[in-house]
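The lines below spell out each chain.
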Amino acid sequence: MKLLLLFFVSLWMCSSFSNSQWSFQKRTSNFQVGVILDLKSVVGSMGLSCMSMALSDFYSIHSNYSTRLSLHVRDSQGQVIEAAAAGLDLLKNVKVDAILGPETSAQANFLMGLGDRAQVPIISFSATSPSLHTRTPYFVQATQGDDTQVGAIAAIVKAFRWSQVVIIYEDSEYGSGIVPYLSNAFQDVNAHISYRSVFPVSASDDFVLKELYKMMNLQTRVFVVHMSYTLGVRLFLKAKEIGMTEKGYAWIITSGLTDLVYLMDSDAAEAMQGVLGVKPLIPKSKQLNSFVNRLKKKSLEKSPGIGRADLSIFGLWAYDTLWALAMAAERVGLKETPKALENSSVNLNVSDLFNFKTSEVGPQLLKAMSEAKFEGLSGKFHLVDGKMESSSYQIINVVGNGQKEVGLWIPSHGLRREMNMNTTTHDTSSSENIRSIIWPGDSTVVPKGWEVPMSGKKLKIGVPVKAGFTDFVRVTRDSQANGRISGFYIDVFKSVMEALPYAVPYELVPFENPDGSSAGTYNDLIYQVFLRNYDGAIGDITITANRSKYVDFTLPFAEGGVLSIVPITYEDVNDIWAFLKPLKKELWLTSIAFFFLTGLTVWILEHRVNSAFRGPPSQHVGMIFYFPFSTLVFAHREKIVNNLARLVVVVWMFVILILSSTYTASLSSRLTVQRLQPSITDVNELIKNRDFVGCQEGSFIVDFLKKQGFEGSRIRTFTSPDDCDEALSRGSKNGGISAFYDVIPYSKLFLSKHCDKYMTVGPTHRTDGFAFAFRKGSPLVADVSRAVIELTENGKILEMEQNWLRNEPTCAGPEDSMNSITISLQSFKGLFAITGGVTAVCLLIFIGSYLYKYREFHRRISNSRITIWSKVVAICRHFDQRSLSSRQPQDKLPEAGIIQNSSSENSVQPTDFPRNHSNSSEIVSSAPEEVHDASATIHRLNLEDISAAQHSGVIHPSA
């Protein structure tokens, strides 16, 4: 028995020794990890539970890992100071290698400075402010930043064509961080932020109600809410209390609130019926289902909401974050264990508050964690520049006690109903990519995004009041002094408002004084809209750059432009200079110049070969002017022998044929048909003569005329068309005006009644036409503009115009009258270019041929030492000689000859011809032409020139 007992004792000792030896060989390294959370908050308690499960799951799967994470939990109690104190304790006393948390962006903003100083990674799964990760490399945002969801929110606004939104956010690091990104996103989809409402984190109920009433008085009915859970619930409860969650409103909440909708009680859920929200898309997986089932079985009474943690993205991010940190620790490997851990209680000296050592493991952990990539419960875990890679978003609709998915937003594809939806045949920015939505007030009608601000009130629309020019806008009074507003443009406005897809209550209010007179000009009416005394203004209001600074205009419904109307005068056919009027002065001058140019060219080409173009100088000049003018009636009898001259004459006669035919037709028309012409043809003439001009009273045309250069004292305004008619008839010199300026619609109407007396002159000065004016930023502008386009395209506005103006008196004007037309140079530029080009080419060909043929003569003349003038005279006299190659009869030869010198081939001698022409056969007519021409030229030189020529060797010394 003793031997058996001794055997078991020996066996137990061997087993104990073996276990202790194995433990010694397998060494583990502990990484100290601090956790700073608000343990009483939903996110904090949920996050801690999920991290505990992650730690257990990770090391149960990776039991062979040589590293372990030791968590040191601190409660921040929701305060920044408490979180900072906890961070200092963990860094100074516990000497942690990493800190998980803090929970809020404000706490993270402070702790990241401590982490940067200690080189310890601060890893948060719930601080979503976009600006945090850029401040220090030691802050890791293991969550989707708020900036990643603004694209989804903007896509919703664009899909439903909302032009204005109100942003509601809390005054904290978390609340304000998203605002710049939202502003840019809305700007990209042409949505205007009409108001920004900032709520203090600890806002009272009175403050909440005051802000809600302020927003209730705005036209905008689309609200984007970015708040923490507690403040957001209070906001919606108060909004429901005052009726801001009824039909016509649209609410969009960001992911922070959307993720916690299921945690709200019945009152909060009822207040949020119809709200749209966005939250990160969580891909379905077996691991996620398993985690959800295990989490539901886990009951922790001290952690509110843990039973529904499967519905929160923050719990999943906490799980994946701890998993990534454990993987990073294993990658870093074994580290030296501190000799002794100091007490973890907070016992700090103020003198050495921030006196702690930098971590040697922290940088390695940060690098290893940034390289971690795996499929976590929340999807793909991958850090890009210290923050989680952006993912797709779900669009949910709060209905009943839950929420339903109505669409998805994918960064690269936009809105989609389903993940596998084909986007090639769909507009990804259309509301068709979103399933049916239950809107606030249990409505299925998409809110238009704006409404009349005050319940029971109508839009107050101002209408100008005028004594005259009431064809398009008219305000009349009945026996009870009640105003009646009518007119073509009033009917256009009513038709446009009826064409809107929704009803807009409004009332038309005359812009008048108590006595019924006009309260001011059109600019005054526009300024009253700017001052919010009116919601809009309609009538014959022209769009101008100055007015657009104060109001927003719709697209124009009537054509724009300013015309100048002047009296008609009849052309005097008995004027002694009437024959000059068919052609303009520049055409007359150009024609005369070409007459001379053609005559000179023909003379040059024909002078050496045609006896008809020879003779004394006076005959030459006469021929130059006579010949081209004789072609007008084809009366020229001179024979043209040069082919170049023939070409010039043929082209010229073609021009003459067209020019003379046009002139004859125009002159005949002027003498046989009564022709009209304006009394003034140029605006500059009015300004130069300081004539009086007129326009409608209160119109923008007064400023327009001043910009054109008219003095203010020379501009007269009128209140009725009859006054304008009388002033134009009198004229500027008799107390009237020389011209009347008005917009195209009124100008056409005025001329239709007085077309026998007045006409338009000058260009049409471009303006943007008549349009409706509304307050700056009014959402009505876009919808009314679309309605104007619709009525214009279907012809409704044209039909109304014909109905209104068909009863207006019209005149046909003088039946046999025609506008006076004077032919300008522009009509003949092509012809003159042709004849000028042909003439120039022929002349150049002739001159080139002449210089080449007599190149020896010209060379000797240019090399001679006579004066330049003598050279010019010699060349001219040589050109004046008749070319013997023309084979004219000998009795036409000049009375001068030369005898060829036998001693020199290049020497010539002048000799007198015998008086008897029968001896002319002694002339060596067979001598070269150059000799004849040179001899004839030298014969006419004066004595000094001959002496110089002999000396230079041009002629023989014996000559």
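This one's a predicted model, so the numbers in the text were calculated from it and none came from an experiment. (Residues numbered from 1 in each chain as written. Predicted model: local features only at pLDDT ≥ 70, side-chain atom pairs only at ≥ 80, totals over all residues. Heavy atoms only, no water.)

Enquirer: Whenever I open this one, the overall build of the protein confuses me. Can you help?
Expert: The secondary structure content of the protein amounts to 30 helices and 32 strands. Evaluated residue by residue, the protein yields a buried proportion of 49% over its 959 residues. Looking at the protein alone, contacts between residues at least 24 apart form 73% of all its contacts between residues at least 6 apart. Total accessible area on the protein stands at roughly 47,800 Å², and carbon and sulfur atoms take up 54% of it. (Helix = DSSP H or I, 4+ residues; strand = E, 2+ residues; numbered from the N terminus. Buried < 20%, exposed > 50% of the residue type's maximum accessible area, 1.4 Å probe, protein only. Contact = heavy atoms within 4.5 Å. Areas by Shrake-Rupley, 256 points an atom, 1.4 Å probe, with all protein chains shown as cover.)

Enquirer: What should I look at first to understand the pairing of strand β26 (residues 715-718) in this one?
Expert: The side chains of a regular strand alternate between the sheet's two faces. Inspection of the sheet shows strand β25 (residues 693-696) paired to β26 by four bridges, in the parallel sense. Across the sheet, Q696 pairs through a bridge with F718, a residue of β26. (Pairing = 2+ DSSP bridges.)

Enquirer: Teacher, can you tell me more about the UniProt feature "transmembrane region" (unreviewed entry) in the protein here?
Expert: Here, UniProt's "transmembrane region" (unreviewed entry) annotation points to residues 587-605, 647-665 and 830-852. In residues 647-665, the share of helix is 100% and the share of strand is 0%. The end C-alpha atoms are 28 Å apart. Along residues 830-852, the helical share is 100% and the strand share 0%, with 33 Å between the first and last C-alpha atoms. (UniProt positions renumbered as here; feature names shortened; annotations may be inferred.)

Enquirer: Please clarify how the sheet that holds strand β22 (residues 551-553) should be interpreted in this entry.
Expert: Strand pairs in the sheet, formed through backbone hydrogen bonds, run parallel or antiparallel to each other. Pairing is mixed in the open sheet, where five strands are placed in the order β20-β17-β21-β29-β22. In the strand order of this sheet, the two ends are held by β20 (506-511) and β22, each with one partner. Where β22 and strand β29 (residues 773-775) come together, three bridges link them in antiparallel fashion. Directly across from F553, in β29, lies its bridge partner A773.

Enquirer: I'm lost on the pairing of strand β6 (residues 164-170) in this one. Help?
Expert: By the criterion of burial, β6 is predominantly enclosed, with seven of the seven residues buried. Across the two faces of β6 the burial is the same, with Q164, V166, I168 and E170 and V165, I167 and Y169 all buried. Where β6 meets strand β7 (residues 192-199), seven bridges bridge the pair, whose relative direction is parallel. Note that in β7 the partner of I167 across the bridge is R196.

Enquirer: Any chance you could explain empty space enclosed by the protein here in plain terms?
Expert: Any empty space left between atoms is shown by rolling a water-sized probe over those atoms. Per the stated rule, a full pass over the model turns up five cavities of 30 Å³ or more. Its volume calculated, the largest cavity comes out at about 100 Å³. Forming the walls of the largest cavity are 13 residues, and the residues nearest its centre are Y522, D540, T542, S699 and F700. Here the lining of the largest cavity is composed, by residue class, of seven nonpolar, three polar and three charged. (1 Å grid on protein atoms, 1.4 Å probe; cavity = no way out; pocket = protein on both sides within 12 Å on 5 of 7 lines; lining within 4 Å. Points joined across faces, edges and corners; volume = space filled by probe spheres on them. Nonpolar A, V, L, I, M, F, W, Y, C, P; charged D, E, K, R; others polar.)

Enquirer: What is the right way to read the nonpolar core from this model?
Expert: Taken as a class, soluble globular proteins show a tendency for nonpolar side chains to be buried jointly. The biggest cluster of nonpolar side chains holds 67 residues, and the ones touching the most others in it are F557, I701, L705, Y741, F772, L780 and V784. When residues in this core are grouped by element, the largest group, seven residues, is from helix α15 (residues 488-499). Excluding its chain neighbours within four sequence positions, the residues that come into contact with F772 are Y489, V492, F493, V496, A537, I538, D552, F553, T554, F557, V784 and V788. (Core = buried A, V, L, I, M, F, W, Y, C linked by side-chain atoms within 4.5 Å.)

Enquirer: It is not clear to me how the packing of aromatic side chains should be interpreted in this structure. Could you clarify?
Expert: For any two aromatic rings, the description comes down to two numbers: the centre-to-centre distance and the angle of the planes. Tallied over the full model, the rule gives 37 aromatic pairs. Between the aromatic rings of Y489 and F557, the centroid separation amounts to 5.1 Å while the plane-to-plane angle is 70°, which identifies the pairing as edge-to-face. One end of the pair, Y489, is in helix α15; the other, F557, is in the loop between β22 and β23 (562-570), with 68 residues separating them in the sequence. Each member of the pair, Y489 together with F557, is buried. Aromatic pair F740 and F750: ring centres 6.0 Å apart, planes at 40°, arrangement tilted. Of this pair, F740 sits in strand β27 (residues 739-743) while F750 sits in helix α23 (residues 744-753), and the two are ten residues apart along the sequence. Overall, the relative accessible area of 5% leaves F750 in the buried class. The ring of W450 has K448 lying over it, and the distance from NZ or CZ to the ring centre is 5.6 Å. (Phe/Tyr/Trp six-rings, centres within 6.5 Å; stacked < 30°, edge-to-face > 60°. Lys NZ or Arg CZ within 6 Å of the ring centre and 35° of its normal.)

Enquirer: So what exactly am I meant to see when it comes to a nonpolar patch on the surface here?
Expert: A cluster of nonpolar residues, I576, W577, F579 and L580, forms a patch on the protein surface that exposes about 430 Å² of accessible area. Structurally, L580 is set in the loop between β23 and α17 (585-606). (Patch = residues over 30% accessible without salt bridge, like charges linked within 9 Å, V, L, I, M, F, W, Y side chains within 5 Å. Salt bridge = Lys/Arg side-chain N within 4 Å of Asp/Glu carboxyl O.)

Enquirer: How do you make sense of unusual backbone geometry when you look at a structure like this?
Expert: For residues that are not glycine, phi is negative in most cases, and the peptide bond is trans in most cases. With an omega dihedral of -5°, the bond running from G101 to P102 counts as a cis peptide bond. Mapped onto the elements of the fold, P102 is located in the loop between β3 (98-100) and α4 (105-118). For K95, which is not glycine, the phi torsion reads 55° and is therefore positive.

Enquirer: Just checking my understanding: could you explain the packing of helix α5 (residues 150-159) against helix α7 (residues 179-188) for this structure?
Expert: The relative placement of two packed helices is expressed as an angle between their axes plus a distance between the axes. At a minimum axis separation of 9 Å, α5 and α7 run at an interaxial angle of 40°. Considering only the axes of α5 and α7, their crossing is right-handed. Side by side, α5 and α7 meet where V150, I153, A154 and V157 of the first sit next to Y181, L182, A185 and F186 of the second. Of the residues in the contact of α5 with α7, the class split is eight nonpolar, no polar and no charged. (Axes fitted to C-alpha atoms, helices over the stretch in contact; angles between N-to-C directions. Left-handed = near helix turned anticlockwise from the far one by under 90°.)

Enquirer: Could you clarify how one ought to interpret the confidence of the model for the protein in this entry?
Expert: Reading fine detail from the predicted coordinates is not recommended where pLDDT is low. The predicted model of the protein has a mean per-residue pLDDT of 79, with 79% of residues at 70 or higher. Segment residues 887-959 is flagged for pLDDT under 50; beyond a separation of four residues in sequence, or across chains, it makes 95 contacts in the model. (pLDDT = per-residue confidence, 0-100.)

Enquirer: I would appreciate a short explanation of the sheet that holds strand β14 (residues 393-399) in the present structure.
Expert: The eight strands lie next to each other as β7-β6-β8-β9-β10-β14-β15-β16, forming an open sheet whose pairing is mixed. With partners counted over all chains shown, the strands left at the sheet margins are β7 and β16 (414-416), one partner each. If you compare each strand with its neighbour and ignore which way they point, the axes differ by 25° on average. Direction of pairing for strand β8 (residues 222-226) relative to strand β9 (residues 250-253): parallel, over a ladder of four bridges. Looking at β9, one finds that V222 is bridged to A250. Along the sheet, helix α8 (residues 205-216) makes contact with β6, β7, β8 and β9, crossing β7 at roughly 170°.

Enquirer: What's the story with the pattern of salt bridges in this structure? I'm lost.
Expert: Side chains carrying opposite charge are able to pair once their charged atoms draw close together. In this structure the tally under the stated criterion is 21 salt bridges. Taking the shortest distance from any N to any O, the salt bridge between R331 and E371 comes out at 3.0 Å. Of this pair, R331 sits in helix α13 (residues 313-332) while E371 is found in the loop between α14 (362-370) and β11 (373-376), placing the two residues 40 residues apart along the sequence. Note on E371: relative accessible area 40%, which makes it partly exposed. Two residues, R730 and E726, come together in a salt bridge whose shortest N-O distance is 3.0 Å.

Enquirer: How should I be thinking about the state of the cysteines in this particular structure?
Expert: Simply put, disulfide is the name for a covalent bond between the sulfur atoms of two cysteines. Inspection of every chain in the model, using the stated rule, returns zero disulfides. This cysteine, C724, is not joined by any disulfide, and C695 carries the nearest cysteine sulfur, 8.6 Å off. For C724, a relative accessible area of 0% translates into the label buried. (Disulfide = S-S within 2.5 Å.)

Enquirer: Help me out: how do you make sense of the side chain of D691 in this one?
Expert: Tracing the sequence through the fold places D691 in the loop between α20 (683-689) and β25. Buried and unpaired, D691 has no salt bridge, with R714 as the nearest side chain of opposite charge at 6.3 Å. Within the structure, D691 has its side chain in polar contact with the side chain of S738 (distance 3.5 Å). (Lys, Arg positive; Asp, Glu negative; His and termini not counted. Polar contact = N/O pair within 3.5 Å; in protein donor to acceptor, adjacent residues only side chain to side chain.)

Enquirer: Please explain the packing of helix α3 (residues 80-94) against α4 as it appears in this structure.
Expert: Between α3 and α4, whose axes approach to 9 Å, the crossing angle comes to 20°. Considering their axes alone, α3 and α4 lie roughly parallel with respect to each other. Both α3 and α4 take part in a crossing whose hand is right-handed. Contact with α3, carried on its side by V80, A83, A84, G87, L88 and L91, involves A106, Q107, F110, L111, L114 and A118 of α4 and no other residues of that element. Here the residues of the contact of α3 with α4 are counted per class, giving ten nonpolar, two polar and no charged. (Parallel < 35°, antiparallel > 145°, perpendicular 65-115°, else oblique.)

Enquirer: Please explain the side chain of H226 as it appears in this structure.
Expert: Note that H226 resides in strand β8. Here the side chain of H226 touches Y174 through a polar contact of 3.0 Å, landing on its backbone oxygen. Engagement of the side chain of H226 in a polar contact is seen with the side chain of T254, the distance being 2.8 Å. Contacts of H226, omitting those with residues within four sequence positions, involve D146, I168, Y169, E170, Y174, G175, I178 and T254.

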